Amino acid sequence: MERTILRLADNDPVNDHLDAFTALLAPEGRALLDAVRDTAPADELAVATRLRREHPAGLVSAALGQARLRQRAAAKFGTGDAGRMYFTPNGVEQSTRASVAAYRAARMRELGIGSVADLCCGIGGDAIALARAGIRVLAVDRDPVTVAAARANMAALGLEDLVEVREADVTEVDTAGFDAVFVDPARRGGRGRIFDPEAYSPPLSWAVEAARTAPHAALKVAPGIPHEAVPGDAEAEWISDGGDVKEAVLWFGTAPGTVRATLLPGPRPLLSRGLPDPAVRPVGRYLYEPDGAVIRAHLVAEVADALDGGLVDATIAYITADELRPTPYAGAYEITDQLPFNLKRLKALLRERQVGTLTVKKRGSAVEPEELRRKVKPQGPNAATVFLTRVAGAPTMLVGHPAQGLSRRLIDPQRPEELRPPPA
Ligand SMILES: C[S@@+](CC[C@H](N)C(=O)[O-])C[C@H]1O[C@@H](n2cnc3c(N)ncnc32)[C@H](O)[C@@H]1O
């Protein structure tokens with residue numbers, strides 16, 4: 001009987017992974033990690049063969065795997081931190097990027113929050129940012145390897161004094177005494193992303209109840225969360241970074257009912273004023289493409305109002321206006337041509353303008369940008385942007401170029417070379 005139990009424990013994949021991970025933290029593992037730090041994927045086999053002569057094969061592959069994860073994580077954490085941190089494959093995928101975590105942590109600090117129960121801490125992306133903002137953190141996760149990685153990360157980044165990492169099921173953790181609860185539930189299952197908030201682990205309804213027990217709370221959810229699913233006592237914030245929508249956050253203990261979009265870098269917050277949908281109007285000289293966070297937060301009307309603009313179609317989030325006004329909330333394009341959807345006419349126009357670099361954008365069109373580019377075969381020294389969309393219900397092509405880019409180039413004395421005409 002005893003032997004059977006022993007054998008089961010030996011084959012336990014969790015223990016296998018945990019042992020392999022823990023071995024990486026010992027001196028031999030650390031030395032191997034240093035040795036394989038910059039290994040390119042193409043060289044991995046040769047490096048592994050060489051190192052296996054002197055080190056256990058399992059440890060060599062764990063080190064190479066970790067090096068690969070660090071390289072992948074650099075996009076989220078920067079090369080400096082990522083090169084010192086420890087990851088699991090899921091931990092890299094699911095962690096919050098440093099810029100977004102730092103923004104949220106700064107907002108918590110501004111709210112006067114000094115301690116946070118980080119429920120579902122993963123490898124510690126958010127816990128790191130909270131600690132760096134000077135907040136004391138209890139970081140909880142139920143996955144043993146993930147917890148080991150989170151602990152190693154706090155040690156590697158010198159944050160152990162501020163962060164206690166605990167292996168537990170978050171539904172069993174007492175959060176009394178903390179200024180705030182932060183929950184970032186797992187939103188990926190065996191079959192990929194989970195869209196139903198009740199299928200998150202733990203489910204959103206549990207997170208909302210946990211949020212209501214603390215003076216403040218923030219729940220990270222998918223940006224696609226329907227507005228109807230936002231509880232009445234929460235503030236909803238959509239966050240984008242560099243134009244990509246990263247997440248939505250449900251805040252408790254701030255201003256219930258508030259809806260905001262926050263654009264990073266910045267932060268550049270935009271708050272809802274409850275404006276009605278903008279009117280549809282003819283296409284003017286400029287077309288504005290709102291940031292994804294503005295669209296998700298349903299704040300296109302607030303941006304249209306600031307631009308004195310209207311919509312090109314009642315169902316499409318493109319704003320059109322006659323004037324060029326600088327705004328961080330939308331990209332501006334000067335429109336030179338408006339055509340009904342017709343590839344032959346587009347091809348002729350692009351040939352006449354000698355457009356070889358064509359950026360294709362679309363809203364409300366099923367056409368694939370790559371397919372369009374293949375069909376019109378752009379050739380020539382000039383660049384243009386084409387918008388495939390609907391204008392007052394009709395499939396339409398709007399051709400133009402980035403307006404802000406143009407004005408920035410014209411006034412940028414640091415880059416006079418940009419004023420020269422492109423080589424023929
Ligand atoms: C989206 S990740 C958290 C990422 C983290 N905020 C970061 O930035 O690194 C979700 C985590 O929740 C953990 N988790 C899911 N359900 C849990 C539960 N009931 N108790 C504890 N942890 C749980 C998973 O193991 C996973 O590591």
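Fair warning: this is a prediction, and the values are worked out from it, not measured in the lab.

## Notes on the overall build of the protein
So, point 1. The secondary structure content of the protein amounts to 15 helices and 18 strands.
So, point 2. Projected onto its principal axes, the C-alpha positions of the protein cover 80 × 55 × 45 Å.
So, point 3. For the protein, buried positions account for 46% of its 424 residues.
So, point 4. Sequence separation of 24 or more characterises 65% of the internal contacts of the protein that already satisfy a separation of 6 or more.

## Looking at the packing of helix H4 (residues 44-52) against helix H5 (residues 57-82)
So, point 1. Axis separation between H4 and H5 bottoms out at 9 Å; the angle between their running directions is 145°. As H4 packs across H5, the resulting crossing turns out to be right-handed. Side by side, H4 and H5 meet where Glu-44, Val-47, Ala-48, Leu-51 and Arg-52 of the first sit next to Ala-57, Val-60, Ser-61, Leu-64 and Arg-68 of the second.
So, point 2. Residue classes in the contact of H4 with H5 are distributed as 6 nonpolar, 1 polar and 3 charged.

## Thoughts on the packing of aromatic side chains
So, point 1. Throughout the structure, instances matching the rule amount to 4 aromatic pairs.
So, point 2. The interplanar angle of 80° and the centroid separation of 5.8 Å between the aromatic rings of Phe-21 and Tyr-86 together place this pair among those described as edge-to-face. One end of the pair, Phe-21, is in helix H2 (residues 13-25); the other, Tyr-86, is in the loop between H5 and helix H6 (89-94), and 65 residues separate them in sequence. Each member of the pair, Phe-21 together with Tyr-86, is buried.
So, point 3. Considering the side-chain rings of Phe-77 and Phe-87, the 5.7 Å spacing of their centres and the 45° angle between planes classify their relative orientation as tilted. A residue pair is termed long-range when its members are at least 10 positions apart, and Phe-77 in helix H5 and Phe-87 in the loop between H5 and H6 qualify at 10 residues. With respect to burial, Phe-77 and Phe-87 carry one shared label: buried.
So, point 4. Following the ring pairs from residue to residue traces out a cluster consisting of Tyr-318, Tyr-333 and Phe-387.

## A look at the side chain of Arg-187
So, point 1. Along the chain, Arg-187 turns up in the loop between strand S4 (180-183) and strand S5 (188-189).
So, point 2. Of the side chains bearing the opposite charge, Asp-184 lies closest to the buried Arg-187, which forms no salt bridge; the N-O distance is 4.5 Å.
So, point 3. Ignoring sequence-local partners within four residues, the contact set of Arg-187 consists of Gly-192, Arg-193, Ile-194, Tyr-200, Lys-220, Val-221 and Ala-222.

## Observations concerning the site of the ligand
So, point 1. Near the ligand there are 22 residues, and of these Thr-96, Asp-126, Asp-141, Asp-184 and Ser-201 occur at the shortest range.
So, point 2. Here an oxygen atom of the ligand and a backbone polar atom of Cys-121 are 3.4 Å apart.
So, point 3. Here a nitrogen atom of the ligand and a side-chain polar atom of Ser-201 are 2.7 Å apart.
So, point 4. A class-by-class count of the residues in the shell around the ligand yields 8 nonpolar, 8 polar and 6 charged.

## Side note on the sheet that holds strand S8 (residues 235-241)
Working definition: the strands of a sheet are paired by backbone hydrogen bonds and lie parallel or antiparallel to each other.
So, point 1. What the 9 strands build is an open sheet, ordered S3-S2-S1-S4-S7-S9-S8-S10-S11; its pairing is mixed. Only two strands of the sheet have a single partner each, and these edge strands are strand S3 (163-167) and strand S11 (268-271). The mean inter-strand angle of the sheet, taken between neighbouring strand axes irrespective of direction, is 20°.
So, point 2. As paired elements, S4 and strand S7 (residues 216-221) share 4 bridges and run parallel to each other. For Val-183, the partnering residue across the bridge sits in S7 and is Leu-219.
So, point 3. Contacting strand S1 (115-119), S4, S7 and strand S9 (244-252), helix H10 (residues 204-212) crosses the sheet at an angle of about 160° to S7.

## What to know about the pattern of salt bridges
So, point 1. Taken as a whole and assessed by the stated rule, the structure comprises 24 salt bridges.
So, point 2. Put simply, Asp-81 and Arg-132 hold a salt bridge, and the shortest N to O gap is 2.7 Å. On the criterion of sequence distance, the pair formed by Asp-81 in helix H5 and Arg-132 in helix H8 (residues 125-132) is long-range, its members being 51 residues apart.
So, point 3. A salt bridge links Arg-212 to Asp-233; the shortest N-O distance between them is 2.7 Å. With Arg-212 in helix H10 and Asp-233 in the loop between S7 and S8, the pair connects residues that are 21 residues apart, well separated along the chain.
So, point 4. On the basis of relative accessibility, which here comes to 42%, the residue Arg-212 falls in the partly exposed class.
So, point 5. Sharing partners across several salt bridges, the network here consists of Arg-104, Asp-126, Asp-184, Lys-220 and Glu-247.

Definitions and cut-offs
Residues numbered from 1 in each chain as written. Predicted model: local features only at pLDDT ≥ 70, side-chain atom pairs only at ≥ 80, totals over all residues. Heavy atoms only, no water. Helix = DSSP H or I, 4+ residues; strand = E, 2+ residues; numbered from the N terminus. Buried < 20%, exposed > 50% of the residue type's maximum accessible area, 1.4 Å probe, protein only. Contact = heavy atoms within 4.5 Å. Axes fitted to C-alpha atoms, helices over the stretch in contact; angles between N-to-C directions. Left-handed = near helix turned anticlockwise from the far one by under 90°. Nonpolar A, V, L, I, M, F, W, Y, C, P; charged D, E, K, R; others polar. Phe/Tyr/Trp six-rings, centres within 6.5 Å; stacked < 30°, edge-to-face > 60°. Lys, Arg positive; Asp, Glu negative; His and termini not counted. Salt bridge = Lys/Arg side-chain N within 4 Å of Asp/Glu carboxyl O. Near = heavy atom within 4 Å. Polar contact = N/O pair within 3.5 Å; in protein donor to acceptor, adjacent residues only side chain to side chain. Pairing = 2+ DSSP bridges.

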